[in-house]
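Coordinate analysis (summary)
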Amino acid sequence: MRVTQSALLVMDVQRGIVERYATSANVLKPFQTAIDAARGVNMPIVYVRVAFRAGYPEVSPNNRSFSAIAGQGGFTELDDATSIHPAVAPEPGDIMVVKRRVSAFSGSDLDVVLRALQVDTLVLTGIATSGVVLSTLRQAADLDYHLKVLSDACLDGDPEVHAVLTQKVFPRQAEVLTSDAFAEAVRREH
């Protein structure tokens with residue numbers, strides 16, 4: 001029997017990003033469900049946030065998205081917009097990773113952390129489905145991780161894009177389930 005070590009990734013659920021994508025106060029409930037389930041079985045929880053150094057030395061003018069942020073200001077490491085939203089706030093023992101690009105692996109030490117924890121299965125949540133979740137899923141698949149995506153703990157500005165990704169694209173490389181199904185599976189396994 002194969003022994004697995006899973007980790008829950010809570011990606012880009014930051015104040016400034018949640019404010020752009022949240023349509024109601026209940027939008028973070030699936031994230032809370034997944035976090036509570038992971039905590040209940042001592043599954044490592046890794047919070048991933050995007051943030052830049054003062055002066056944006058890591059932002060190339062060739063990067064359309066990030067150079068626009070650098071031009072407007074904000075999203076620096078000390079900016080409140082880059083802090084994790086209080087509804088899903090980390091607790092002592094949770095791991096915080098800062099990234100500099102869209103994928104949770106790019107410009108971060110995520111791979112080092114996961115290897116040290118001997119993680120082979122990633123449970124992905126995040127904002128946006130077409131951004132950090134898609135990019136991280138693709139890179140994690142290439143790194144041979146087993147993958148799960150919690151479809152209701154992913155948000156995107158375009159519901160159609162979210163649906164295509166979670167129903168047609170992600171299932172090719174990951175098990176796609178809801179946060180409630182994940183919580184139930186975790187309880188059964190432990």
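Right above here is the structure, for reference.
Let me begin by describing the structure that accompanies this report. Computed from a predicted structure; not experimentally measured. (Residues numbered from 1 in each chain as written. Predicted model: local features only at pLDDT ≥ 70, side-chain atom pairs only at ≥ 80, totals over all residues. Heavy atoms only, no water.)

1. Overview of helix 3 (residues 64-72)
Between the side-chain oxygen at the start of helix 3 and the backbone nitrogen of Ser 65 there is a gap of 3.3 Å, and the oxygen is on Asn 63. Just past helix 3, the residue Gly 73 takes up positive phi, approximately 85 degrees. (Polar contact = N/O pair within 3.5 Å; in protein donor to acceptor, adjacent residues only side chain to side chain. Helix = DSSP H or I, 4+ residues; strand = E, 2+ residues; numbered from the N terminus.)

2. Regarding unusual backbone geometry
Looking along the chain, the bond that leaves Ile 127 and enters Ala 128 is cis, with omega of 15 degrees. Phi angles above zero are rare outside glycine, and Asn 42 is one such case at about 60 degrees. Mapped onto the secondary structure, Asn 42 falls in the loop between helix 2 (29-40) and strand 2 (45-50). Even without being glycine, Tyr 56 reaches a positive phi, approximately 55 degrees. Its place among the elements puts Tyr 56 in the loop between strand 2 and helix 3. Residue classification places Tyr 56 among the buried positions, given a relative accessible area of 13%. (Buried < 20%, exposed > 50% of the residue type's maximum accessible area, 1.4 Å probe, protein only.)

3. Observations concerning the side chain of Ser 179
Following the sequence through the fold, Ser 179 ends up in helix 7 (residues 179-189). You can call Ser 179 buried: its relative accessible area is 2%. Residues contacting Ser 179, with those up to four places away along its chain left out, are Pro 30, Thr 33, Ala 34, Leu 150 and Asp 152. (Contact = heavy atoms within 4.5 Å.)

4. Considering the packing of aromatic side chains
Under the definition given, this model contains three aromatic pairs. Site record: aromatic cluster; members linked through ring pairs are Phe 52, Tyr 56 and Phe 66. (Phe/Tyr/Trp six-rings, centres within 6.5 Å; stacked < 30°, edge-to-face > 60°.)

5. What about the nonpolar core?
Counting residues in hydrophobic clusters, the biggest one holds 35 residues, and the most contacted among them are Leu 8, Val 13, Phe 31, Ile 127 and Phe 182. Those elements that provide at least two residues to this core are strand 1 (6-11), helix 1 (15-21), helix 2, strand 2, strand 4 (121-127), strand 5 (146-155) and helix 7. The leading source of residues in this core is helix 2, at five residues. Discounting chain neighbours no more than four positions away, the residues touching Phe 182 are Ala 34, Ala 37, Met 43, Val 123, Leu 150 and Leu 177. Among the nonpolar cores identified, the runner-up in size contains 26 residues, and Met 11, Val 46, Val 97 and Val 169 belong to it. (Core = buried A, V, L, I, M, F, W, Y, C linked by side-chain atoms within 4.5 Å.)

6. Quick notes on the sheet that holds strand 5
Spatial strand order, 3-2-1-4-5-6: six strands in an open sheet with parallel pairing. If you trace the sheet from one side to the other, it starts and ends with strand 3 (95-99) and strand 6 (175-177), each paired once. Going across the sheet, the axis of each strand differs from the next one's by a mean of 25 degrees, ignoring polarity. Across three bridges, strand 5 lies against strand 6 in parallel orientation. Its bridge partner lying in strand 6, Val 149 is registered against Val 176. (Pairing = 2+ DSSP bridges. Axes fitted to C-alpha atoms, helices over the stretch in contact; angles between N-to-C directions.)

7. Description of the pairing of strand 4
The side chains of a regular strand alternate between both faces of the sheet. A large share of strand 4 lies buried, amounting to seven of its seven residues. On strand 4, burial covers both faces: Thr 121, Val 123, Thr 125 and Ile 127 on one face and Leu 122, Leu 124 and Gly 126 on the other are all buried. Of the strand pairs in this sheet, strand 1 and strand 4 are connected by six bridges, and their pairing is parallel. What sits directly across from Ala 7, in strand 4, is Leu 122.

8. What to know about the packing of helix 5 (residues 129-142) against helix 6 (residues 159-169)
The description of two packed helices rests on the angle between their axes and on the distance between the axes. Between helix 5 and helix 6, whose axes approach to 10 Å, the crossing angle comes to 25 degrees. Taken together, the axes of helix 5 and helix 6 are roughly parallel relative to one another. Crossing hand, helix 5 versus helix 6: left-handed. The residues of helix 6 that touch helix 5, namely those facing Thr 129, Ser 130, Leu 134 and Arg 138, are Val 161, His 162, Leu 165, Thr 166 and Val 169. Residues belonging to the contact of helix 5 with helix 6 are distributed by class as follows: four nonpolar, four polar and one charged. (Parallel < 35°, antiparallel > 145°, perpendicular 65-115°, else oblique. Left-handed = near helix turned anticlockwise from the far one by under 90°. Nonpolar A, V, L, I, M, F, W, Y, C, P; charged D, E, K, R; others polar.)

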